[in-house]
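Observations on the three-dimensional arrangement
Here are the chains, one letter per residue:
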Amino acid sequence: QQVRTDVSPEWPLMSSSRTLVTRAGNPYLVLSVRRSTLVQDVMSTLLGDSEGMARVRFPLKVRFADGGEDGVDMGGVQKEMFALLLPQLLAPESGLFVFADDHKSEHLWPNAESSHSLQDFEAFGALLGMAFANGILIDSTTAPLAPLLVSQLTVDRRSPNTAKMPLDALMACVATSFPTLTSGLRLLLDWDEATQGSVEDVFCRSFEVSAAGVGTVPLIPNGEDVCVTGANRQHYVRRYLEYIGYEHVQAEISAVRRGFMQAADGIVFRMLRPHDLVEWLCNDGYQTIDVDELEQVAKYDDEYTADHVVVRRFWRVVRDMDQDQLRQLLQFVTASSRLPLGGCYNITFVVQRNGPDSDRLPTALTCFGRLLLPAYSTDEKMRQRLTTAIEYSREFGLV
């Protein structure tokens, strides 16, 4: 089923490429991806192979193969793949999503005029579900999806019963993703006809809405002939919110939900409430990274020990970092800027010697949570080289 049939999708199926999913006897979904064609590789695996979507509930393994490299996934490569893949899929120019609230919001909403099929939306949902099922933390900078969209991913096969929601509660739900729209509707509700004039004369609205991809739609039978008045404005606002938040792009939201549930459905997922999923995917907050805790869980390799002069120098530099820099360091070493539940005690953080003093930047093996640190001779050199590495590194953490 196509949303539009006159434009081809942006990632043609790679029917001639090698099969990227390992089949019989393998208990994993194995993705082999390349830097240069990351979106094409992943989408072709899920959509171009009859077994791709059938295996999305399997534990995920990612093989990074590009330019002769072949990385082994111990969890870090999964994180890095999602960190690079999701922004590309979500970019408005890819065609799947647009900025909500008539492009005024920072959150993304399904594109009602997308040239992609609903199958592509389903594959995107499966990727989110795979991240959830495999314990991959995704922050709102990587996937700035509208909270109203995310909250609907836990609703099985139907929209929530908005008719039973108090109007203020419905308004609050939609406002998380459409603040400008709800602000205008709030103005309509609060309009004082006694001092400001009648709603009908001032607002000149009927029970219809204009929406991308469908034009003007009546909100009630023959809505184009029903004027909004002070007496019926609450009904108008309710129907407007229901249509924009839950009906307009319901086909696309349902497709994302199908894919998400196919990959994520399980005991933990079934225990989730909508706001739990929003917290997982849309939470802008971060746990404070405690350097003392991080140092306690750190391990050392290849001549480094907790008392080694270079290691002590490293921790002095780290203690001078602010929280933004500490998150960059965590991202650099573990491929996630957020701490898992349990904080530092549930991550792997290994500092390994990587040769004598030199001008080389530190590198990392994100799949193993290892920081490869040359034996820098001064605090200043350690600070300069380390901060440069963590601020500018955006590639897979493999050497």
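Each remark here, short or long, concerns the structure printed above.
None of these values were measured; they are calculated from a predicted model.

Section: the packing of helix α6 (residues 167-175) against helix α7 (residues 179-190)
- Two elements in contact, α6 and α7, have axes whose closest approach is 8 Å; the angle formed by their N-to-C orientations is 150°. The angle between the axes of α6 and α7 places the two elements in the roughly antiparallel class. Taking contact as the criterion, the partners of Leu167, Asp168, Met171, Val174 and Ala175 in α6 are, on α7, Pro179, Thr182, Leu185, Arg186 and Leu189.

A short note on the pattern of salt bridges
- In total, this model carries 19 salt bridges according to the counting rule given.
- Linking arginine 186 and aspartate 168 is a salt bridge whose minimum nitrogen-to-oxygen distance equals 3.2 Å. Note that arginine 186 is positioned in helix α7 and aspartate 168 in helix α6, a separation of 18 residues in sequence.
- A salt bridge links arginine 186 to aspartate 190; the shortest N-O distance between them is 4.0 Å. Of this pair, arginine 186 and aspartate 190 both sit in helix α7, 4 residues apart, roughly one helical turn.
- Among the residues examined, arginine 186 registers a relative accessible area of 29% and is labelled partly exposed.
- In this structure aspartate 190 comes out as exposed when scored by relative accessible area, which is 51%.

Some thoughts on a negative patch on the surface
- On the surface, Asp192, Glu193, Glu200 and Asp201 cluster together into a negatively charged patch.
- Mapped onto the elements of the fold, aspartate 201 is located in helix α9 (residues 199-203).

Description of the sheet that holds strand β9 (residues 350-353)
- Strand order in this open sheet of 4 strands is β8-β9-β11-β10, and the pairing throughout is mixed. Looking at the sheet topology across the chains shown, the edges are occupied by β8 (299-301) and β10 (363-365). Here the average twist between neighbouring strands, direction ignored, is 25°.
- Judged from the 3 bridges that link them, β10 and strand β11 (residues 370-373) form a sheet pairing that is antiparallel. Bridge pairing in β11 links leucine 365 to arginine 370.
- Along the sheet face, helix α16 (residues 323-334) touches β10 and β11 and points at about 55° away from the line of β10.

Definitions and limits used
Residues numbered from 1 in each chain as written. Predicted model: local features only at pLDDT ≥ 70, side-chain atom pairs only at ≥ 80, totals over all residues. Heavy atoms only, no water. Axes fitted to C-alpha atoms, helices over the stretch in contact; angles between N-to-C directions. Helix = DSSP H or I, 4+ residues; strand = E, 2+ residues; numbered from the N terminus. Parallel < 35°, antiparallel > 145°, perpendicular 65-115°, else oblique. Contact = heavy atoms within 4.5 Å. Salt bridge = Lys/Arg side-chain N within 4 Å of Asp/Glu carboxyl O. Buried < 20%, exposed > 50% of the residue type's maximum accessible area, 1.4 Å probe, protein only. Patch = residues over 30% accessible without salt bridge, like charges linked within 9 Å, V, L, I, M, F, W, Y side chains within 5 Å. Areas by Shrake-Rupley, 256 points an atom, 1.4 Å probe, with all protein chains shown as cover. Lys, Arg positive; Asp, Glu negative; His and termini not counted. Charge placed at Lys NZ, Arg CZ, Asp CG, Glu CD. Pairing = 2+ DSSP bridges.

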